[in-house]
Amino acid sequence: MKIYRKTRDVSAFVKSVKAKGKRIGFIPTMGYLHEGHLSLMRRARQETDVVVISIFVNPKQFGPKEDYRRYPRNIKKDERLARLSGVDLIFYPSVSQVYPKGYLTHIDVEGVTEGLCGVFRPGHFRGVATVCCKLFNIVRPEIAYFGWKDAQQAIMIKRMVKDLNMDLAIKALPIVREADGLAMSSRNKRLSSRQRKDAAVLYKALSIARRLIREGQKSPVAITSKMGRMIKAKKGTRIDYISIVDEGLAGVKRVKKGNMIALAVWFGKTRLIDNVIV
Ligand code: PAF
């Protein structure tokens with residue numbers, strides 16, 4: 001497995017891979033890899049010839065008061081996990097490598113980025129779209145893999161790829177969960193043991209919502225209020241949103257099959273997101 005820090009080294013690698021007619025599978029990450037990431041790498045290993053991942057904590061997708069500095073990092077462990085998952089190349093650039101002095105260009109995907117997390121994290125999706133566009137141009141993958149936990153991100157990236165005629169496929173793979181249902185996330189590591197136990201309430205609330213819908217409940221307000229009560233019963237939680245949305249991420253008046261229940265909740269200083277499709 002190779003580890004490159006410079007864009008020019010990745011470009012040379014990509015060129016030689018393409019010259020041999022091989023297909024590249026790519027997983028962009030911010031590191032602190034967990035089973036959710038590894039499931040994407042294994043899928044890329046099955047479906048493509050060469051697996052590339054990036055590890056880059058992208059400053060442009062964090063607000064000034066967000067956890068950029070505190071975001072967990074462990075490159076040695078990431079290297080080991082990536083190697084075990086069959087990765088061929090890790091692109092591990094510095095901030096100045098991705099955004100050299102004088103950098104001015106950004107990508108704004110409208111509409112799908114305006115609700116849900118877009119309300120609470122202004123500029124976040126612009127940062128994600130910008131870095132993904134750059135990484136796609138450097139790595140030139142045939143397929144890029146994303147986790148469905150960040151459903152709004154995956155939907156936005158699909159939109160960007162379509163709107164900008166980018167020549168790659170985007171695959172969003174299912175959420176990987178801990179035994180108690182908590183969606184795997186690098187940020188889980190920042191929960192205290194009490195918060196970690198309490199955080200299981202998110203999937204419990206989503207599962208109860210799904211059950212209510214199966215039993216015939218169609219009112220988003222009734223469902224999200226019940227979920228809100230369950231979550232607020234855990235000390236130190238703060239809800240950014242609990243929403244039921246359609247495929248275009250617009251709020252719905254009556255719940256229908258295929259809608260998504262999405263939430264973002266703070267446990268102390270750690271913000272977690274999760275969702276289920278009904
Ligand atoms: O999902 C993430 O880890 C990040 O948003 C991504 C896609 C790697 C872009 O920085």
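Structural data are supplied above this passage.
Let us look at the structure shown here.

Rules used in this analysis
Residues numbered from 1 in each chain as written. Predicted model: local features only at pLDDT ≥ 70, side-chain atom pairs only at ≥ 80, totals over all residues. Heavy atoms only, no water. Salt bridge = Lys/Arg side-chain N within 4 Å of Asp/Glu carboxyl O. Helix = DSSP H or I, 4+ residues; strand = E, 2+ residues; numbered from the N terminus. Buried < 20%, exposed > 50% of the residue type's maximum accessible area, 1.4 Å probe, protein only. Near = heavy atom within 4 Å. Polar contact = N/O pair within 3.5 Å; in protein donor to acceptor, adjacent residues only side chain to side chain. Areas by Shrake-Rupley, 256 points an atom, 1.4 Å probe, with all protein chains shown as cover. Nonpolar A, V, L, I, M, F, W, Y, C, P; charged D, E, K, R; others polar.

1. Some points on the pattern of salt bridges
If you walk through the whole model with that rule in mind, you get 18 salt bridges. Measuring nitrogen to oxygen at the nearest pair gives 2.9 Å for the salt bridge that ties Asp88 to Arg45. Note that Asp88 is positioned in the loop between helix H3 (75–84) and strand E4 (89–91) and Arg45 in helix H2 (residues 35–47), a separation of 43 residues in sequence. Overall, Asp88 belongs to the partly exposed group, its relative accessible area being 26%. Among the residues examined, Arg45 registers a relative accessible area of 30% and is labelled partly exposed. Across the pair Lys76 and Glu79 runs a salt bridge whose closest N-O atoms are separated by 3.3 Å. In this pair, Lys76 and Glu79 both sit in helix H3, three residues apart, roughly one turn of the helix.

2. So, the site of the ligand
For the ligand, the full set of nearby residues is Pro28, Thr29, Met30, Asn58, Gln61, Val128, Val131, Cys132, Phe146 and Gln153. Within the side chain of Gln61, a nitrogen or oxygen atom sits 2.6 Å from an oxygen atom of the ligand. Separating an oxygen atom of the ligand from a side-chain N or O atom of Gln153 is a distance of 2.7 Å. Within the complex, the protein chains bury 88% of what would otherwise be the 290 Å² of accessible surface of the ligand. Broken down by secondary-structure element, the contributors of at least two residues to the shell around the ligand are strand E2 (24–29) and helix H6 (124–139). The dominant element in the shell around the ligand, judged by the number of residues it contributes, is H6, at three residues. Split by residue class, the shell around the ligand holds six nonpolar, four polar and no charged.

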